[in-house]
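For reference, the chains in residue letters:
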Amino acid sequence: MGLIQETINHPTIDDVEIVVDEKSKDETREPYDIVSLDISFSSIRQPDELVELGTWLIEQGTRIKKQYTSTGKLRKGVVLA
């Protein structure tokens, strides 16, 4: 595991976490092999929660791709809030 750049928790669904790691080029087998996702589906009980989770995952994936290089380094000029 590389240097943890960011840990993102879902705002309303418990037990959903995304971790973005910075890795060396030798550590990554595929581009953007920097994200790990931990979900406990026991906390998701309604179809609307699945839709909410899917929408949130797409938003976070798009944001991560814009903010990080394929090895997990922050792109130049990006400041995390």
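## Describing the overall build of the protein chain
Okay, step 1: The secondary structure content of the protein chain amounts to 1 helix and 3 strands.
Okay, step 2: Along the protein chain, helices (α) and strands (β) appear in the sequence β-β-β-α when read from the amino end.
Okay, step 3: When its C-alpha atoms are laid out on the principal axes, the protein chain stretches across 40 × 25 × 20 Å.
Okay, step 4: Counting over 81 residues, the protein chain shows a buried share of 30%.

## Observations regarding the sheet that holds strand 1 (residues 3-9)
Okay, step 1: On the basis of which strands lie adjacent, the open sheet formed by 3 strands has the order 1-2-3 and antiparallel pairing. Each having just a single partner strand, strand 1 and strand 3 (35-39) make up the two edges of the open sheet. On average, each strand axis in the sheet is tilted by 20° relative to the strand beside it, whichever way the strands run.
Okay, step 2: Note: strand 1 against strand 2 (residues 16-22), 6 bridges, orientation antiparallel.

## Some thoughts on the nonpolar core
Okay, step 1: Judged by nonpolar contacts, Ile8, Ile13, Val16, Ile18, Val20, Ile34, Ile44, Leu53, Trp56, Ile64 and Tyr68 together constitute the single largest core of 11 residues.
Okay, step 2: Looking at this core, the elements with two or more residues in it are strand 2 and helix 1 (47-67).
Okay, step 3: Not counting chain neighbours up to four residues away, the residues in contact with Ile64 comprise Ile8, Ile18, Val20 and Val35.

## Side note on the side chain of Thr71
Okay, step 1: Position of Thr71 relative to the elements: it lies in the segment after helix 1.
Okay, step 2: Its relative accessible area of 13% is what places Thr71 among the buried residues.
Okay, step 3: Sequence-distant contacts of Thr71, that is, excluding residues within four places in its chain, are made with Asp21, Glu22, Lys23, Lys25 and Ile34.

## Focus on helix 1
Okay, step 1: Taking 1.5 Å of rise per residue, the 21 residues of helix 1 would be expected to cover 30 Å, and the 30 Å separating its terminal C-alpha atoms lies within 8% of that figure.
Okay, step 2: Packing partners of the buried residues in helix 1 comprise strand 1, strand 2 and strand 3.

## Details of the environment of Lys25
Okay, step 1: If you trace the backbone, Lys25 turns up in the loop between strand 2 and strand 3.
Okay, step 2: For Lys25, a relative accessible area of 71% puts it in the exposed group.
Okay, step 3: For the pair formed by Lys25 and Gly72, sequence separation is 47 residues and the distance between their alpha carbons is 9.8 Å.

## Some thoughts on the pattern of salt bridges
Okay, step 1: All told, the structure shown has 1 salt bridge when counted by the stated rule.
Okay, step 2: Between Arg63 and Glu6 there is a salt bridge; the shortest N-O distance is 3.1 Å. Here the residue Arg63 occupies a position in helix 1, and Glu6 occupies one in strand 1, the gap between them amounting to 57 residues.

Conventions used here
Residues numbered from 1 in each chain as written. Predicted model: local features only at pLDDT ≥ 70, side-chain atom pairs only at ≥ 80, totals over all residues. Heavy atoms only, no water. Helix = DSSP H or I, 4+ residues; strand = E, 2+ residues; numbered from the N terminus. Buried < 20%, exposed > 50% of the residue type's maximum accessible area, 1.4 Å probe, protein only. Pairing = 2+ DSSP bridges. Axes fitted to C-alpha atoms, helices over the stretch in contact; angles between N-to-C directions. Core = buried A, V, L, I, M, F, W, Y, C linked by side-chain atoms within 4.5 Å. Contact = heavy atoms within 4.5 Å. Expected span 1.5 Å × (residues − 1). Salt bridge = Lys/Arg side-chain N within 4 Å of Asp/Glu carboxyl O.

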